[in-house]
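Understanding the architecture of this molecule
Now for the letters of each chain:
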Amino acid sequence: MSKLVSRREFLNLLAATGGTAAALKAGAALGLLPGGATAATLDLLNLGASNRKVTILGSGLSGLTVAYELGKYGYDCTILEASHRCGGRIFTVRHGDLIDEIGNRQYCEFDDEPHMYFNAGAARIPSIHRNVLAYCKELGVELEVFINENKTSYVQDDNLLGGKAIRNIDYTTNMRGFMAELLAKSLTIEEMNAPFTVREAETLLGMIRSFGDLGEDDLYRGSFRAGYAAGGFLNHGVQKDMIAFRDLLKSQAGRGLMSANEGDTGPILLQAVGGMDKLIQGFTNHVGDRVKYRARVASVHVRDDGVEVAYDQDGVRHLIKADYCFNCIPTHIMTGIEHNFPADYVTAMKYVRRGTAYKAAFQAKERFWEQEDIYGGITWMNNPSQQIWYPSHGIHKAKGIVLASYDYGDGSYHTKMTQRARIEAHLKDGEKVHPNYRNLLEKPITIAWHRMNHMLGCSARWTRSRGGWTHDEEQMYHHLQSPVNGRHYFIGDQISMHSAWQESAVMSAQWALAHLDRRVRAELA
Amino acid sequence: MTRKTWFSLCLFFLLNGMSSFAAENEREPYDDRYCTSCHGTDGRGNEAVQAPRLAGMEPWYLQRQLENFRAGIRGAHPRDIEGIAMRAMAVKLSNRSIADIIEWVGSWETGPAEITIVGDASVGEILYGTCAACHGSNAEGNEAIAAPALAGQNDWYLITQLRNFMAGYRGTHPQDRYGAQMRTMVNGLGDVTGIIDVVSYINTLSGNQGSSRLIQN
Ligand SMILES: Cc1cc2nc3c(=O)[nH]c(=O)nc-3n(C[C@H](O)[C@H](O)[C@H](O)COP(=O)(O)OP(=O)(O)OC[C@H]3O[C@@H](n4cnc5c(N)ncnc54)[C@H](O)[C@@H]3O)c2cc1C
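Given the structure is predicted, the values throughout are model-derived calculations rather than measurements.

Once that is clear, we can look at the nonpolar core. Generally speaking, nonpolar side chains in soluble globular proteins are found buried as a group. Residues and elements named next belong to chain A. Formed by 55 residues in total, the largest nonpolar core has its most connected members in Val-309, Phe-341 and Trp-462. With residues near it in sequence (within four places) discarded, Val-309 still touches Thr-55, Leu-57, Leu-80, Val-297, Ser-299, Val-300, His-318, Leu-319, Ile-320 and Cys-325. The next biggest cluster of nonpolar side chains, apart from the first, holds 46 residues, and it includes Leu-61, Leu-133, Leu-139 and Phe-283.

Written as structure tokens, this is what we have:
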């Protein structure tokens, strides 16, 4: 390394840390991050003898939340759902299920067994998403741990060690060692003393050493943390060779790898036993009779006294009138549906972009990863398929479903391909990690969210600059959040500053419900 | 929706045995009527998905475009992102399906499109002089020359197409006879400003409606 971290840079780092703390507080104040310790409890006014009709557009998680809650308080709800199924982006694919991708319809041929499913949309519930978890509890949805980080899974990059797949633990142990050595060596104790007391400086240095498993001399010489090259139980363990820092730096893998288990995807993550759509079933157990399937909304008109919605079902256009309307149809689809929304609403709807996430999965004829000491978790690849997920459930059973690709950032690469080309691409990419991959996998499915019927995107993308939300963007968001005429509410994770999470969909619904409740209380007072 | 649509839709669903009451686990019957998912209610066009207006489109032009997409004459250029999306749909269409869809599209009614661009329509009028020979002085189209109507189409879509012709995303396939013809015409527009001006003029022919929702380009 030619340049050591200067003290000034180090102090900048400290300043940045102070900034984060401030941002966290500000975030909580804005309602971006969970501030309180408990899930929201909605205490809506029970309508009693009065009557209120509600039309809910789309049976996404937010729409179902509204139907379920309002049902408790005496509202008369109808859900219009364009698709043949409920749940939108909460989509668990099992034997016989239709994947309604436009131009690439597929039927899933997985074996018909409870553990043989694939969560094509939402798959993970962070333990801090307490509103979703509260509904899981209330609705009797059984949960189990979802394994995101697995140190025995692989890292594969053609630029790294000639493309040989290495274990996550080899990569991270060595990377941490070198990073710690760099930090420890770049600061003399006097320099550290400047911003800190002697004790603090010693504590810090101690942590840096422990972080990287450094020797007394602050040098990294490899670590048993990466496991043993041989022995270790009945004989002395033999330490694995170090991977040279220069070699590690030939790969960008660390950028993703070092942050893959932070933030929302930090431990502990949970999943619904048997598939994420058990949450949807939990809701439909209560409000399923309120859903009209294959009922595609064709127009929405907000009037002074209510909301008129036209929808097509069985080749006939129907009209339904209600006092209030909650709408989780993606904004980019809503722009193609007739409506009389105000100008600021429309500007905001047109501003939001749609994401292109893409997932693919195979049935594995045997759980080959378990023979490689892998139980759950993610292999990271520097190729377009990007990730391999090993199921957290069904351990030691005969077969399992593996995720063969997940591109959250830009799935358009695979989206543009034919089904055949997609499958071949994933087999070729995965072979670099598991040499016999091609022969061990069968019954592929792929899901390009950009092309999924009635969805045409994976989630709302509000921000366009790296700097995050601009003032204008925030304003547009607030316009779209506030109801039209007090009667039409947009809901869904699209009406949040944290899209692509179920928690946001639920919280958007709760926000709208609380808002409606204030109005209804005033009306009935 | 007109009575004719109701009838044709009902007939279609009857023939296909599709019903909203189909049991959950029964296989969904296949049909190709995905168009409105992208092209909006009654094919009115959806800017957010970049899918243009289909309502009011001439059947001969609609048919040719569907066939061109299907054959890869259109929508196959790697940078033609929107064309590629449309092509994924078109490759699934049989001749029978295309005939069915043309009839379906023919049943849609639609009003004027929303104006979303601002350009100099008076400059556009002059530029449009050359276009009129083929597309007609009211941009009403001319089947004999195989040039479609431009009036009534979404302005943002006309812009994408003129850009696509200019960039060679459209009209460069060796079998794209009509596209090639059109491609030679875009050079006269100069650049994007010319494109916006001429489309602003076409807006005046369309009876397209201005709105407070104007987005400056
Ligand atoms: C690939 C992927 C991975 C994800 N991973 C996670 C995760 O791990 N954890 C997590 O918490 N979240 C995850 N999410 C996000 C989560 O799935 C969503 O935030 C949540 O499901 C959104 O719910 P919603 O209420 O906004 O409705 P949506 O799911 O968007 O539902 C919208 C509904 O509207 C219907 N509709 C559309 N058009 C019409 C019409 N014209 N008429 C009637 N109905 C119509 C649709 O069919 C659909 O049912 C993921 C999403 C994707 C795509």
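Residue and element names in this part refer to chain A. Close to the ligand lie 35 residues; Ser-62, Glu-81, Arg-89, Arg-124 and Gln-502 are nearest. A distance of 3.1 Å separates an oxygen atom of the ligand from a polar backbone atom of Trp-501. Burial of the ligand by the surrounding chains reaches 98%, relative to a free accessible area of 1000 Å². Every element with two or more residues in the shell around the ligand is listed here: helix 2 (61-72), strand 15 (296-303) and helix 16 (502-524). When residues are assigned to domains, the shell around the ligand turns out to be shared by domain 2 (53-87 + 278-350 + 465-524) and domain 3 (93-152 + 267-275 + 356-451), each giving three or more.

Glancing now at the domain arrangement of chain B. Residue and element names in this part refer to chain B. Domain boundaries assigned for chain B yield domain 1 (3-105) and domain 2 (115-216). Contacts between domain 1 and domain 2 engage 21 residues on the former and 24 residues on the latter. Here domain 1 meets domain 2 over a buried area of about 1800 Å², counting both sides, of which 53% is carbon and sulfur. If you sort the residues of domain 1 by the area they bury against domain 2, Trp-60, Ile-73 and Arg-74 come out on top, with a joint share of 30%. Seen at the junction of domain 1 and domain 2, the total is eight residue pairs in polar contact (both at pLDDT 80 or more). The residue inventory of the side of domain 1 that touches domain 2, partitioned by class, reads six nonpolar, seven polar and eight charged.

So, about the side chain of Gln363(A). Residues and elements named next belong to chain A. Topologically, Gln-363 is positioned in strand 21 (residues 358-364). A relative accessible area of 0% means that Gln-363 is categorised as buried. A distance of 2.8 Å separates a polar side-chain atom of Gln-363 from the backbone nitrogen of Asp-111. Not counting chain neighbours up to four residues away, the residues in contact with Gln-363 comprise Glu-109, Phe-110, Asp-111, Met-116, Lys-399, Gly-400, Ile-401, Leu-440, Leu-441, Glu-442 and Lys-443.

The next thing to look at is the packing of helix 3 (residues 130-138) of chain A against helix 16 of chain A. Residue and element names in this part refer to chain A. Where helix 3 contacts helix 16, the axes come no closer than 8 Å and their chain directions differ by 85 degrees. Accordingly, the angle class assigned to the pair helix 3 and helix 16 is roughly perpendicular. Residues Arg-130, Asn-131, Val-132 and Tyr-135 of helix 3 form the contact with helix 16, whose participating residues are Gln-502, Glu-503, Val-506, Met-507 and Gln-510. Here the residues of the contact of helix 3 with helix 16 are counted per class, giving four nonpolar, three polar and two charged.

About the thresholds
- The written sequence of each chain sets the order in which its residues are numbered from 1.
- Lettering for chains starts from A, numbering for ligands starts from 1, and both go in the order in which the items are written.
- Confidence filtering applies because this is a predicted model: local features only for residues at pLDDT of at least 70, side-chain atom pairs given and counted only at 80 or more, and all residues used for totals across whole chains, interfaces and linings.
- As a rule here, side-chain values cover all heavy atoms of the structure and leave hydrogens and water aside.
- What we call a nonpolar core is a set of buried Ala, Val, Leu, Ile, Met, Phe, Trp, Tyr and Cys residues that are connected through their side-chain atoms within 4.5 Å.
- Between buried and exposed lies partly exposed: a residue is buried under 20% and exposed over 50% of the maximum accessible area for its type, with that area taken using a 1.4 Å probe on protein chains only.
- Every residue pair with non-hydrogen atoms within 4.5 Å of one another is taken to be in contact.
- Whether a residue is near a molecule or strand depends on its heavy atoms: if one lies within 4 Å, it is near.
- The term polar contact refers here to a pair of N or O atoms within 3.5 Å; inside protein, the definition further demands a hydrogen-donor-capable atom paired with an acceptor-capable atom, and it admits residues adjacent in sequence only when both atoms are side-chain atoms.
- Working definition of accessibility: Shrake-Rupley area with a 1.4 Å probe, residue cover restricted to the visible protein chains.
- By the criteria applied, helices consist of DSSP H or I runs no shorter than four residues and strands consist of E runs no shorter than two, each listed in order from the N terminus.
- Here the limits of each domain have been adopted from an automatic or database domain assignment.
- Two parts placed together each lose some accessible area; with a 1.4 Å probe, that loss summed over both constitutes the buried area.
- By the convention adopted, Pro, Cys, Tyr, Trp, Phe, Met, Ile, Leu, Val and Ala count as nonpolar, Lys, Arg, Asp and Glu as charged, and the other residues, Gly among them, as polar.
- Working convention: axes come from line fits to C-alpha atoms, limited for helices to the stretch in contact. Angles between N-to-C directions cover 0 to 180 degrees.
- Should an angle fall under 35 degrees it is called roughly parallel, over 145 degrees roughly antiparallel, and 65 to 115 degrees roughly perpendicular, with every other angle called oblique.

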